[in-house]
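For reference, the chains in residue letters:
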Amino acid sequence: MAPVSQPAPRRDPEERRRRVLAAAVEEFARSSYAGASTNRIAQRARVAKGLIFHHFGSKQALYEAALEEAWALILAPIEEPLPADPYQRLEAALMEQLRRLHAYPEHARLVGRLLGQSARILGGPFRARLEERLHHQRVAFCTGIAPQSFRPGIAPQRAIDLLGLVAEGLVTTWLQRLNAGGLEAVTPAAAREQVRSLMELLRKGIYQPGRSAVAQPLGEWDPTAFLNLTARLAPSPKEPDQRRDRILRAAQRLFAARGYDGTSAEAIAEEAGVAKGLIFHHFGSKAGLYLAAVGDAATQMSTAFLQDLPPPPADLFQRICAWSQRKVQVFRAFPTLYQLSLAAFANPPEAVRPALEAYAVEGLAEGWTLLLKGIDTSPFRPDVPPARALELVMLVVDTFTNREMVQLTSEPDQSLERLAHLLQEVGQYLELLRDGLGPA
C-alpha cells in the first residue's frame, strides 16, 4: 500500500512578516538607511526578497515600521507604578529605561542611530513622531509626582519639568553611547551611579549659598577652531568674485523662504542675475551651494557674535544667560540667515545631512569649550565634582534646546519672538540647578 503523503505545513504569513521586521531592525541598526540592504534583510529573515515588498511595499515603509516597533519598545511610557517622591521616581524610571535598552539592544541601537551624535539634526516627519513619543513619556513621568519634596518658594511644575529634562537627556545620552559602543558602554552599575550623583546635585544645588564667582584669566581663549568649522561647509574661494557672492546671497534668500526642495537652480540664477551654469562652476551642485549658503550664514552670525564681545562673566549661569541673549540679538540682526540655519539643522535635506550632522556635532562641542573657558567653579559646593556639575548643566540646556527646535521650526514666522520666552525658561531652570530643588 502506497504511503499517504502528508500536506506541506502551512506557512504563517504573519510569522514571516515578523522575521522580516526583526531582520530589518538589526540591519538598520547596524547600517544607515542608505547603507542598509534589502538583500541582507531577506537573507537574515530567510525569505525571498519579494516578500519584503509584499508585506511592506518599499524599503522606506519597512524602515518606518522598524522605527515604530523600536519606539514602542524603547520609548513607551512606563506602565508600572512609579514612586511619588520625585527623586525616587527619577531613579526608578531611568533604571527601567535602562532595562529596556539591555532587553532590546538592536531596537535601542536603531533609535540611537536615528538620534545620531546630535539630536538636533533629526528632522522631518521622524522628528515629529519621535517628539510625540517623548511627549507621552514626559506626561507619564510627570503625572503623580508629590511636590512636597521641593523646597518652599519654587514653582513645583517647573521643578517637575526640570526632572523630566534630566530623564530625557540621560536616556538620549545612553542611546547614543549604546549605538556607538554597544551594551558595555552603558552598564547598570555605572548608570545608577551617574543617576544618583546627578540626583544629589538636583536636590542640593550646585552653588554654595551666598557665594559669587570671581573673574578668572581666560588664557588662550581662541575662537579660531570654532570659526574654522564652517570652512568644511563653505570653503573660501581663491579669488573674490562678485558673481559668486551674488549667487550665494540669492541662494540664502530663496533657501530661507522656500526651503531646499522648493528652490531650483534656475530660480537662484534668475534671482542672482547670472547664467545657471555659473552655479555649478562655483559650487558644483545644488547641494554644494546649499552647504555653502548655510556655512556662510553660520560664519556671518558667529563673527557678529564674537565681534566686540564683552568680557564673559566668570559665573557659569550668568555666562549662559548673557551669551544666550547675545545670540538672540544676532539672530534678530540676521533674520534671513537665522531662518536658513534653523531649517538646515532642524530639518536637513537628505543630500547634505551627513555634512550638516558632522558640523553640528563638532560645533556644539567647540561652542561648549568656548563657553566654559575661564568659568570660576570655586562657588560650587565643596562636595560637588565640577565635571559632574557641568555635565548636568549641559544635559539640561542641550535637551531643552533640542526639544524646542521642533516648536521653532513648526512656526518659523514666530520663532524669533518665541526665543525671548525660551530664554526666560532657561534662566528659571538654571536658577533651580544653582540653588537645588530640595529644602536647605
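As a convention, each chain's residues are numbered from 1 in the sequence order in which they are written. Restriction of local features to residues with pLDDT of at least 70 applies here, the model being predicted, together with a cutoff of 80 or more for giving and counting side-chain atom pairs; totals for whole chains, interfaces and linings are based on all residues. Only hydrogens and water are set aside when side-chain values are computed; all heavy atoms of the structure are taken into account.

Let's shift gears to the pattern of salt bridges. A side-chain nitrogen of Lys or Arg and a carboxyl oxygen of Asp or Glu constitute a salt bridge if their distance falls within 4 Å. Counted by the stated rule, this structure contains 25 salt bridges. The closest approach of N and O atoms between Arg-133 and Glu-68, which form a salt bridge, is 3.1 Å. Of this pair, Arg-133 sits in helix H7 (residues 124-142) while Glu-68 sits in helix H4 (residues 59-74); the two residues are 65 residues apart in sequence, bridging distant segments of the chain. Under the relative-accessibility criterion, Arg-133 is labelled partly exposed at 25%. Using a 1.4 Å probe on the protein chains alone, a residue whose accessible area is under 20% of its type maximum counts as buried, one over 50% counts as exposed, and one in between counts as partly exposed. Accessibility expressed as a relative area gives 28% for Glu-68, which makes it partly exposed. Each helix is a run of DSSP H or I of at least 4 residues and each strand a run of E of at least 2, with the numbering of both proceeding from the N terminus.

Another point: H4. Over its 16 residues, H4 extends 22 Å from the first C-alpha to the last, a length consistent with the 22 Å expected when each residue adds 1.5 Å. Within the span of H4, buried status applies to Leu-62, Tyr-63, Ala-65, Ala-66, Leu-67, Ala-70, Trp-71 and Ile-74. By definition here, a helix of n residues has an expected span of 1.5 Å times n minus one.

Closest axis-to-axis distance for the helix H13 (residues 276-283)/helix H14 (residues 286-306) pair is 9 Å, and the angle between their directions is 70°. Considered as vectors, H13 and H14 are oriented roughly perpendicular to each other. Regarding H13 and H14, the two cross each other, and that crossing is left-handed. When H13 is examined against H14, the residues Ile-279, Phe-280 and Phe-283 are found in contact with a partner set consisting of Lys-286, Gly-288, Leu-289 and Ala-292. Residues that form the contact of H13 with H14 fall into these classes: five nonpolar, one polar and one charged. For helices, the axis comes from a line fit to the C-alpha atoms of the stretch in contact; other axes are also lines fit to C-alpha atoms, and the angle between any two N-to-C directions lies between 0 and 180 degrees. Roughly parallel means an angle under 35 degrees; roughly antiparallel means over 145; roughly perpendicular covers 65 to 115; every other angle is labelled oblique. Crossing handedness is defined as follows: a turn of the near helix away from the far one that is anticlockwise and smaller than a right angle gives a left-handed crossing, while the clockwise case is right-handed. Two residues form a contact once any of their heavy atoms are found within 4.5 Å. As a working rule, the residues Ala, Val, Leu, Ile, Met, Phe, Trp, Tyr, Cys and Pro are called nonpolar, Asp, Glu, Lys and Arg charged, and the rest polar, with Gly in that last group.

Along the chain, Glu-91 falls in helix H5 (residues 86-103). With a relative accessible area of 14%, Glu-91 lands in the buried category.

Our focus in this paragraph is the side chain of Glu-96. Secondary-structure assignment places Glu-96 in helix H5. Classification of Glu-96 by relative accessible area gives buried; the value is 15%. Think of a polar contact as two N or O atoms within 3.5 Å of one another; within protein, one of them needs to be a possible hydrogen donor and the other a possible acceptor, and neighboring residues in sequence only count if both atoms come from side chains. Of note is the side chain of Glu-96, whose polar atom sits 2.9 Å from the side chain of Arg-99. If sequence neighbours within four positions are ignored, Glu-96 has contacts with Ile-78 and Glu-80.

Right, let's talk about the confidence of the model for the chain for a bit. A residue's pLDDT is simply how confident the predictor is in it, with values from 0 to 100. On average, residues of the chain score 88 in pLDDT, and 93% of them reach the 70 mark or higher. Within the chain, the element-level pLDDT minimum falls on H7, averaging 78, and the maximum on helix H12 (residues 265-272), averaging 96. Overall, residues 4-10 carries pLDDT values under 50, and its contacts beyond four positions in sequence, including any with other chains, amount to zero contacts. Contacts of residues 117-123 to residues separated by more than four positions or lying in other chains number 33 contacts, the stretch itself having pLDDT below 50.

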